[in-house]
Amino acid sequence: MTELRDIAQLGAKVLRQYAEPVTDVLKPEIQQIIAALRTTLASTQGVGIAAPQISESKQIIIVASRPTVRYPSAPFMPATVMINPSFEALSEVKEKAWEGCLSVPSIRALVPRYTRIKIHYLDEQGNKQTAELNDFVARVFQHEFDHLQGKVFLDRVENNQDIFAESEYLKVV
Ligand code: ZN
């Protein structure tokens, strides 16, 4: 079976469910999902992916900020697997910036997100990790975290006028 999976598209039930926490990170089934997420993300221009996007309702995300055609100014970081993630805001400040989603093709929207957060997660060996994230990477984390709660970025948009077709978005950035 190939590890390259189809991306669940908006309207699919799996994108609207609360994803199950992972109880045993080292279980082969979980490691297979991680491998499939890595392969599938690498085949796209995305900077993050969540397990529900490959139709696996588990609390697993990958954050992989890197400059791409979709996000030319994104900072580079190694693709980081985060299991059972949680976060707290380190400041109440939110900023609006453009987001898109592999599950919502051809749409971009301005989404408010916390700019400074502290995150907690298990890495793919099952070790507890914490980190502080800022700005773009914090945004990617919050976007992927939302997927585990059954939310998509459009749910966070403050005004429908902040939703653009990608062709119009390209004219304004
Ligand atoms: Zn997404």
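Our subject is the structure listed above.
Fair warning: this is a prediction, and the values are worked out from it, not measured in the lab.

Engineer: So what exactly am I meant to see when it comes to the pairing of strand β4 (residues 94-101) here?
Structural biologist: On any regular strand, side chains alternate: one points to one face of the sheet, the next to the other face. As defined by bridge partners, β4 adjoins strand β5 (residues 104-114) across 7 bridges and the pair is classed as antiparallel. Looking at the pairing, Glu95 lines up with Arg113 of β5. Hairpin connection, β4 to β5: the antiparallel pair is bridged by 2 residues.

Engineer: Quick question: what am I supposed to make of the environment of Ser43 here?
Structural biologist: Looking at where Ser43 falls in the secondary structure, it is placed in the loop between α1 (28-42) and β1 (48-50). Separated by 38 residues in the primary sequence, Ser43 and Arg5 place their C-alpha atoms 9.7 Å from one another. A polar side-chain atom of Ser43 sits 2.6 Å from the main-chain carbonyl oxygen of Thr40.

Engineer: I would appreciate a short explanation of the packing of aromatic side chains in the present structure.
Structural biologist: The way to describe two aromatic rings as a pair is by their centre distance and the angle between their planes. The full count for this structure, using the stated rule, is 6 aromatic pairs. Seen from their ring centres, Phe87 and Phe141 are 5.7 Å apart, and the 80° between their planes marks the pair as edge-to-face. One end of the pair, Phe87, is in strand β3 (residues 80-89); the other, Phe141, is in helix α2 (residues 135-148), with 54 residues separating them in the sequence. Taken together, a centroid distance of 4.9 Å and an interplanar angle of 75° make the contact between Trp98 and Phe164 edge-to-face. Residue Trp98 is found in strand β4, and its partner Phe164 is found in strand β8 (residues 163-165); the two are separated by 66 residues along the sequence. Judged by its relative accessible area of 22%, Phe164 falls in the partly exposed class. Among the aromatic side chains, those forming a connected cluster through ring pairs are Phe87, Tyr114, Phe141 and Phe145. In this structure, Lys94 packs its charged tip against the face of Tyr114, placed 4.7 Å from the ring centre.

Engineer: Whenever I open this one, the sheet that holds β5 confuses me. Can you help?
Structural biologist: Strands in a sheet are paired, the pairing made by backbone hydrogen bonds, and the direction either parallel or antiparallel. The 3 strands are arranged β4-β5-β8 in an open sheet whose pairing can be described as antiparallel. Single-partner strands in this sheet number two, and they are β4 and β8. Direction aside, neighbouring strands of the sheet carry axes that sit 25° apart on average. Pairing analysis gives 3 bridges linking β5 to β8, with the strands arranged antiparallel. By the bridge assignment for β8, Ile107 is matched with Ala165. Packed on one face of the sheet, α2 meets β4 and β5 and runs near 60° to β4.

What counts, and at which threshold
- Residues numbered from 1 in each chain as written.
- Predicted model: local features only at pLDDT ≥ 70, side-chain atom pairs only at ≥ 80, totals over all residues.
- Heavy atoms only, no water.
- Pairing = 2+ DSSP bridges.
- Helix = DSSP H or I, 4+ residues; strand = E, 2+ residues; numbered from the N terminus.
- Polar contact = N/O pair within 3.5 Å; in protein donor to acceptor, adjacent residues only side chain to side chain.
- Phe/Tyr/Trp six-rings, centres within 6.5 Å; stacked < 30°, edge-to-face > 60°.
- Buried < 20%, exposed > 50% of the residue type's maximum accessible area, 1.4 Å probe, protein only.
- Lys NZ or Arg CZ within 6 Å of the ring centre and 35° of its normal.
- Axes fitted to C-alpha atoms, helices over the stretch in contact; angles between N-to-C directions.
- Contact = heavy atoms within 4.5 Å.

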